[in-house]
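Listed below, chain by chain, are the residues.
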Amino acid sequence: MKVGFFPGCSLEGSSREYNESLQAIAPALGLELCEVPDWNCCGATAAHTLNHKLALALPARILALAEQAGFTDLLVPCSACLVRLASTREELRQNEALRREISAVIELPYTGTTRVLSVLDMLLTCARDGLKDRVRQPFAHKVACYYGCYLTRPARLAPCRRTEDPQEMEELMRAVGAEPIDWAFKVECCGAGLSVSRLETVAELSGRILADAAERGAEAIVVACPMCHTNLDLRRAAIVRRRGTNWSLPVLYVSQVIGLALGLKERALGLHRHHVPVRFPAAATRQAMEVGAGPSASDGNGAAQREG
Amino acid sequence: MSHPLPSTQAPATLADRVAQATGESVFRCYQCGKCAAGCPLAAEMDYEPNQILRLLQLSLPGMEEEVLGSLAIWLCLTCETCAARCPQEVDLPRIMDYLRQESLRTGQAHPKAKDILAFHQAFLESIRKNGRLHEVGLISSYKLKTGHLLQDVGVAPKLLVRGKLSLLPHGIADRGQIARIFDKCANTPTTKEKGAAQ
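No experiment lies behind these values; they were computed from the predicted model shown.

*Asks:* Describe the overall build of chain A, listing the residues and the values that go with them.
*Replies:* Of regular secondary structure, chain A possesses 12 helices and 8 strands. Rg of the C-alpha trace for chain A: 20 Å, near the compact-globule value of 19 Å for 308 residues, within the 12% margin. If you line up chain A on its principal axes, its C-alpha atoms span 75 × 45 × 30 Å. Of all 308 residues assigned to chain A, the portion counted as buried reaches 55%.

Structural data, given as structure tokens:
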């Protein structure tokens, strides 16, 4: 199946492993990702913070180009881009005069026929369509499914149905053999756009997320947003400095977890690009204890403790 | 400057202008405080989100300046938690966007918002030039604007080793069109550099 694809700027730079892993799993899932020709940046937080009209025009150009290319659906893997595109589409649908005005600004016809699709939307369709049968190496780890902001909010635009306790990623994770944990920070904000201009704020907010996931026994955090990944992975040193706890749990994109389960190579999925190495010491420790300690270590699950 | 005497035709309050620009009425808020309770940055704000709305509701002399000069409006991350939980369905993030733009337009941005503002401006300049964000260019330009020259110098080599830094921008073909879009949207001063000068 052909699907329109808008990678967004992060996926060309600091989050290129998200792009690589999506490209790697697409053929296995029967998907052909067709990039929007000559796409531009969505404007992100900067545009909507400083200039409302620009915050509509930049996403509108992307949507207009997607329309021109004949895409009915446009896959937008970055949650921040996703919300910019979805809210532009909504505002221009409700305001005909504004639609005409923005169409003139971008010098392209814009009708709003192309729909935007999140990675969760797309992968869930695949999951319900027999992803389980293609799993070659179940991802047998405890995972904290982290949604952050824009996969659940604003509720009217978001791909997830339950705003405060979404379950879409959990369903995906179960389909590939993982065990999602129950935890309290799955829809909390990581600090997102303040990663450069206010790093201490980000270290605090992301630190709370990491602490809860670790304390509840997660072996990995699974994300579907480049900003969440950057703050939890690349900013780990700042988090550790602020919180004084040296957490080693890795942060994986949902597409990387699915790729691993499909039996794809780590390198093809870009795991080597992470700042926090993708290793599972808890599982190793558990195995070692089970093997080494004999009959007394029958409480296999209880041994999944993490060193502080 | 003295405050003008009340006239028969009261000038539009900031709350009126918010309503006109965003369609949101601040008077729907009944101060339950759910927005502040869920806001990840409320603790760092000078006014909590519901207090911003209260200042707008009252609009007594000096209050509008307090709002436009607050740090709170710049700390807001647009995480949308407040809007998701508001029993009155006030779209506070949308209001915050408008307040930031007004704050900038009227030159009242809080001095401590300087870095945040510099980042947003560097971001937009990068897009204007290349059509897409060039992360290296963004960070260099941010450093020059803020003087934080040594920030994140440790991060760059890590990114480089992992193949995540592209030294040259991925420019798009139709950069002229992007520049024209910026020009046509320029009625709100997006690049008003000195807006936050102390």
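*Asks:* Let's hear about the overall build of chain B: which residues, and what values?
*Replies:* A tally of regular secondary structure across chain B gives 11 helices and 0 strands. Listing every helix and strand of chain B by position from the N terminus yields α-α-α-α-α-α-α-α-α-α-α. Out of the 198 residues in chain B, the part that is buried amounts to 40%. A fraction of 66% describes how many contacts in chain B between residues 6 or more apart in sequence connect residues 24 or more apart.

*Asks:* How would you explain the pairing of strand β2 (residues 32-35) of chain A if you had to name every residue and give the values?
*Replies:* Residue and element names in this part refer to chain A. Where strand β1 (residues 2-5) lies against β2, 4 bridges are found, and the strand directions are parallel. Residue pairing in the sheet places V3 in a bridge with L33 of β2. Tracing the backbone out of β1, into helix α1 (residues 16-28) and back to the parallel element β2 gives a crossover that is right-handed.

*Asks:* Any details on helix α3 (residues 52-68) of chain A? Residues and values, ideally.
*Replies:* Along its 17 residues, α3 of chain A runs 24 Å from first to last C-alpha, staying within 8% of the 24 Å computed at 1.5 Å per residue. Among the 17 residues in α3 of chain A, 14 count as buried, and that is most of the element.

*Asks:* Just give me the short version of the packing of helix α1 (residues 14-22) of chain B against helix α7 (residues 92-105) of chain B, but keep the residues and values in it.
*Replies:* Residues and elements named next belong to chain B. Put simply, α1 and α7 touch, their axes get as near as 10 Å, and they point 110° apart. Judged by the inter-axis angle, α1 sits roughly perpendicular to α7. Judged by the sense of rotation from one axis to the other, the crossing of α1 with α7 is right-handed. Contacts between α1 and α7 involve V18, A21 and T22 on the former and, on the latter, R94, I95 and Y98. Residue classes in the contact of α1 with α7 are distributed as 4 nonpolar, 1 polar and 1 charged.

*Asks:* Before we move on, could you go through the pairing of strand β7 (residues 220-223) of chain A and cite the residues and values that matter?
*Replies:* Residues and elements named next belong to chain A. Of the two faces of β7, the one carrying A220 and V222 and the one carrying I221 and V223 are both buried. Bridge count for strand β5 (residues 142-145) against β7 is 3 bridges, and the pairing is parallel. What sits directly across from V143, in β7, is A220. Inspection of the sheet shows β7 paired to strand β8 (residues 251-253) by 3 bridges, in the parallel sense. If you follow V223 over to β8, its bridge partner there is Y253.

*Asks:* An account of the sheet that holds β7 of chain A is needed here, citing residue identities and associated values.
*Replies:* Residue and element names in this part refer to chain A. With respect to topology, 4 strands assemble into an open sheet ordered β6-β5-β7-β8, the strand pairing being parallel. A strand with exactly one partner marks an edge of an open sheet, and here the two such strands are β6 (179-180) and β8. In terms of strand pairing, β5 meets β6 through 2 bridges, oriented parallel. Bridge assignment links V143 to a residue of β6, and that residue is P180. Helix α11 (residues 254-261) contacts β7 and β8 of the sheet and is inclined by roughly 80° relative to β8.

*Asks:* Could you give me a rundown of the interface of chain B and chain A, with the residues and numbers involved?
*Replies:* Opposite the 46 residues of chain B that make contact, chain A presents 45 residues. With 7 residues, the top contributor of residues to the side of chain B that touches chain A is helix α8 (residues 114-130) of chain B. Residues that form the side of chain B that touches chain A fall into these classes: 23 nonpolar, 11 polar and 12 charged.

*Asks:* Residue-level account of the domain arrangement of chain B, with values.
*Replies:* Assigned domains of chain B: these are domain 1 (14-109) and domain 2 (112-196). Using C-alpha coordinates to define each centre, domain 1 of chain B is positioned 27 Å away from domain 2 of chain B.

*Asks:* Explain the domain arrangement of chain A residue by residue, including any values.
*Replies:* All names here are of chain A. Once the domains are mapped, chain A shows domain 1 (2-117) and domain 2 (136-294). Counting from both sides, the interface comprises 22 residues of domain 1 and, opposite them, 22 residues of domain 2. Contributions of two or more residues to the side of domain 1 that touches domain 2 are made by α1 and α4 (79-94). No other element matches the 9 residues that α1 contributes to the side of domain 1 that touches domain 2. Looking at the side of domain 1 that touches domain 2, its residues break down into 11 nonpolar, 7 polar and 4 charged.

*Asks:* Run through the sheet that holds β2 of chain A, naming residues and quoting values.
*Replies:* Residue and element names in this part refer to chain A. Spatially, the 4 strands line up as an open sheet ordered β2-β1-β3-β4, and their pairing is parallel. Of all the strands in the sheet, the pair left with one neighbour each is β2 and β4 (115-117). Taking each pair of neighbouring strands and ignoring which way they run, the sheet shows an average axis angle of 45°.

*Asks:* Could you give me a rundown of the nonpolar core, with the residues and numbers involved?
*Replies:* Ranked by internal contacts, the top residues of the largest apolar core, which has 158 residues, are A57, V76, I221, V222, V254 and V257 of chain A. If we ignore the near neighbours within four places in the chain, the residues touching V254 of chain A are V119, L123, M169, L172, V222 and A224 of chain A.

*Asks:* So what's going on with the environment of A192 of chain A? Residues and values would help.
*Replies:* For A192 of chain A, the location among the structural elements is in the loop between β6 and α8 (199-215). Residues A192 of chain A and E35 of chain A lie 157 residues apart in sequence; the distance between their C-alpha atoms is 25 Å. In contact with A192 of chain A, other than residues within four places in its own chain, are M227 of chain A together with L77 of chain B.

*Asks:* Summarise helix α3 (residues 49-58) of chain B; cite the residues concerned and give the values.
*Replies:* Residue and element names in this part refer to chain B. For α3, a buried count of 7 out of 10 residues is recorded, marking the element as mostly surrounded by other parts of the structure. Residues of α3 that are buried include every one of P49, N50, Q51, I52, L53, L55 and L56, and no others. Among the structural elements, α1, α2 (34-38), α4 (63-68), α5 (72-75), α6 (81-85) and α7 are those in contact with the buried residues of α3. Following α3 by one or two positions, S59 adopts a phi angle in the positive range, close to 50°.

Thresholds applied
Residues numbered from 1 in each chain as written. Chains lettered and ligands numbered in written order. Predicted model: local features only at pLDDT ≥ 70, side-chain atom pairs only at ≥ 80, totals over all residues. Helix = DSSP H or I, 4+ residues; strand = E, 2+ residues; numbered from the N terminus. Rg over C-alpha atoms; globule rule 2.2 N^0.38 Å. Buried ≥ 20, exposed ≤ 12 C-beta atoms within 10 Å, placed from the backbone. Contact = placed C-beta atoms within 7 Å. Pairing = 2+ DSSP bridges. Right-handed = clockwise from strand over helix to strand, strands pointing away. Expected span 1.5 Å × (residues − 1). Axes fitted to C-alpha atoms, helices over the stretch in contact; angles between N-to-C directions. Parallel < 35°, antiparallel > 145°, perpendicular 65-115°, else oblique. Left-handed = near helix turned anticlockwise from the far one by under 90°. Nonpolar A, V, L, I, M, F, W, Y, C, P; charged D, E, K, R; others polar. Domains from an automatic or database assignment. Core = buried A, V, L, I, M, F, W, Y, C linked by C-beta atoms within 7 Å.

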